[in-house]
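Here's the letter readout for the chains.
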Amino acid sequence: MTQTKLDVINPRTGKADYQITPVRREQIEQFAKQMRVAQRNWLSQGLSARVRAILSLADSLEKNKASVISAMEIDTGRRMLAEAEVMGVIGNLRAWAGRAPQLMPKEEWVQGQAKPNFKHQTDWVPYALVGVISPWNFPITLSFIDAIPAMLAGGCALIKPSEVTPRFADALTPVIAEAGMENVLRFIQGGGETGSALIDHVDCVCFTGSVATGRKVAMKAAENLIPANLELGGKDPLIITEDADIDAAATLALRSSVLATGQACQSIERVYVPHTIYSDFIEKLTEKAKAVRLNYPDISQGEIGPFIFNKQADIVAAQIKDALSKGATRLSGGHILDHGGGRWLEPTVLANGTHDMDVMREETFGPVIPVMAYDTIEEAINLANDTEFGLSGGVFAANIDAAHVIGKHIDAGAISLMDAALTGQYFEAGKQSFKNSGMGPSRMGANGFLRFFRQKAYIANTIAPLTLADFSEG
Ligand code: NAD
């Protein structure tokens, strides 16, 4: 039986110029079986050997980076970030290879404290097969972010990238083979059905994507009684205070909202500014927003790429329309531009935002900067928390200490101080997703590694075991 292929759209041309063949359920089952066999050797060879293998994967990726970057460039319609992502993965492979041996808990006997006749030792047993399901916005970064520590822990990784951006994964096949890791690290192509089938064959699933799909993944994982690590959407607020540098605040609001065309989970999606500096801020922001260029027609120029998933443009357009109908003022951008078959949006500053607008409450995932004025800092904090999401947020005040005080009241898992969206630049701080933004231990910091183990206890009694008579009623 021939399998139906899936067409893949090029975001710069709107044309279907690539195809993938979704992996069938039986194939996933077979891959899982083979990988479980390979995992025994992967684990038994020890952490130092796994560190060497991960370092050789980094070397192989560095050597062959041109082919992966050019596939990523077509997947995402952007050049600078395609290269930055690949270089970032190389750096992440090397960083985890350095950190894992320091984080690996020691397996030694510990004397009982309450009952000193007992002692225990703990084995850290990795999940043998970890499934990763990734989205289209940062395709290679989010495919490797969980897989690297999972493999160093001693597990194998079976990764399903988004069907919207699959080219880079095919380009990685020879890279993985050159590093000799094809038995422990494998990409499988396909859409939602393939992702769903993957969950039936792994011991732990790491999912990055939307809240709606995250719920399905969590339910499937629950049926299989496996842990689901979910990293979902966000609606990150940026609070600017009265004594902040207005020009620097406008520069920050622009970068953190429109970088990567706003297609980043940690993008700033709404900005709160005190009435007292509102018009100055809006004026500076609008001036800066108007100076931003599309990377069209020349991919090597400009700052804004096309929408990677062209239907996202419709969601963004609907939010802008809804905001305008409810009293927002458009000061720049605002119109989806069809260039050469791709879809672009210039940075769109929307003044007079209010919380009855979808653009202030629902994830936008586009280069839109809705700004709302506030009177008191308590009001700004309440507005920042008036959302189903709790991924991250930012505070720009007079200094770090003042920003820190405000950040403590924001109900989200990571707060950038005197900056914004820093979880996209700095991976060492443990952070969890609050509210509907996710579930499970941190993917960053020490837990990013330790979450891939289960603890197995050996409890030894150093004296004669109790007898049944010791538990007798009398
Ligand atoms: P999506 O939920 O549509 O798809 C994500 C992945 O899930 C894809 O690989 C898709 O094929 C797969 N999938 C679809 N249905 C499935 C099912 N029933 N079972 C298993 N897998 C299934 O998300 P997207 O549109 O690709 O990505 C954008 C979303 O990702 C945004 O909401 C964004 O905020 C979120 N995101 C979150 C983070 C984070 O770290 N929190 C990072 C990046 C993106």
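Placed above this text is the structure.
This structure is a prediction, so every number in the text was calculated from the model and none was measured. The numbers attached to residues start from 1 for each chain and follow its sequence in the written order. Given that the model is predicted, a residue must reach a pLDDT of at least 70 before its local features are reported, and side-chain atom pairs must reach 80 or more before they are shown or counted; all residues, however, enter totals for whole chains, interfaces and linings. Side-chain figures throughout are based on the complete set of non-hydrogen atoms in the structure, without hydrogens or water.

Asker: Sorry if this is basic, but what is going on with helix α4 (residues 80-103) here?
Answerer: Strands are runs of DSSP state E lasting at least 2 residues, helices are runs of H or I lasting at least 4, and numbering of each runs from the N terminus. The span one expects for a helix is its residue count, reduced by one, times 1.5 Å. A rise of 1.5 Å per residue sets the reference length of α4, with its 24 residues, at 34 Å; its end C-alpha atoms lie 33 Å apart and thus fit the reference within 8%. Burial classes follow relative accessibility: with a 1.4 Å probe on protein chains only, a residue under 20% of its type's maximum area counts as buried, one over 50% as exposed, and anything between as partly exposed. Listed in full, the buried residues belonging to α4 are Leu 81, Ala 82, Glu 85, Val 86, Val 89, Ile 90, Asn 92, Leu 93, Trp 96, Ala 97 and Ala 100. Two residues form a contact once any of their heavy atoms are found within 4.5 Å. Elements in contact with the buried residues of α4: α2 (47-63), α3 (65-76), α5 (141-144), α6 (147-153) and α16 (447-450).

Asker: Mind showing me how you'd approach the packing of aromatic side chains here?
Answerer: For any pair of aromatic rings, the description rests on two quantities: the centre-to-centre distance and the angle between the ring planes. The criterion for an aromatic pair is that two Phe, Tyr or Trp rings (for Trp, the six-membered ring) have centres within 6.5 Å, with stacked assigned to planes under 30 degrees apart, edge-to-face to planes over 60 apart and tilted to the rest. Tallied over the full model, the rule gives 8 aromatic pairs. Plain terms: the ring middles of Trp 96 and Phe 449 are 6.4 Å apart, the flat faces sit at 35 degrees to each other, and that makes the pair tilted. One end of the pair, Trp 96, is in helix α4; the other, Phe 449, is in helix α16, and 353 residues separate them in sequence. For Trp 96, a relative accessible area of 7% corresponds to the buried category. Residue class for Phe 449 comes out buried when judged on its relative accessible area of 0%. Every member of this aromatic cluster is reached through a ring pair, and the members are Trp 96, Trp 124, Phe 449 and Phe 453. Above the plane of the ring of Phe 138 lies Arg 78, whose end atom (NZ or CZ) is 4.7 Å from the centre. Charge over a ring is defined by NZ of Lys or CZ of Arg lying within 6 Å of the ring centre and within 35 degrees of the ring normal. If you follow Lys 119 out to its NZ or CZ, it ends over the ring of Trp 109, 4.8 Å from the centre.

Asker: Quick question: what am I supposed to make of the pattern of salt bridges here?
Answerer: Once their charged atoms are close, side chains differing in charge can pair, the charge on each being opposite to the other. Here a salt bridge means any side-chain nitrogen of Lys or Arg lying within 4 Å of a carboxyl oxygen belonging to Asp or Glu. For the coordinates displayed, the defined rule picks out 24 salt bridges. In this structure, Asp 200 engages Lys 220 in a salt bridge whose closest nitrogen and oxygen atoms are separated by 2.8 Å. One end of the pair, Asp 200, is in the loop between α8 (192-199) and β8 (204-208); the other, Lys 220, is in helix α9 (residues 211-224), with 20 residues separating them in the sequence. Via salt bridges that share partners, Asp 146, Glu 231, Lys 431, Arg 443 and Arg 451 belong to a single interconnected network.

Asker: Where do I start with the site of the ligand in this structure?
Answerer: Only heavy atoms are used to decide nearness, and a residue is near a molecule or strand if one of them lies within 4 Å of it. With respect to spatial proximity, 29 residues lie near the ligand, and among them Ser 134, Glu 163, Ser 210, Leu 232 and Glu 363 are the closest. The separation between an oxygen atom of the ligand and a polar main-chain atom of Ser 134 is 2.7 Å. Burial of the ligand by the surrounding chains reaches 88%, relative to a free accessible area of 850 Å². Those elements that provide at least two residues to the shell around the ligand are α8, β8 and α9. Here the nonpolar group is Ala, Val, Leu, Ile, Met, Phe, Trp, Tyr, Cys and Pro; Asp, Glu, Lys and Arg are the charged ones; every other residue, Gly included, is treated as polar. Among the residues forming the shell around the ligand, the class breakdown is 11 nonpolar, 12 polar and 6 charged. Two N or O atoms count as a polar contact when they lie within 3.5 Å, although within protein this holds only if one can serve as hydrogen donor and the other as acceptor, and sequence-adjacent residues are included solely when both atoms are side-chain atoms. Computed with the Shrake-Rupley method and a 1.4 Å probe, the accessible areas treat only the protein chains shown as cover for residues.

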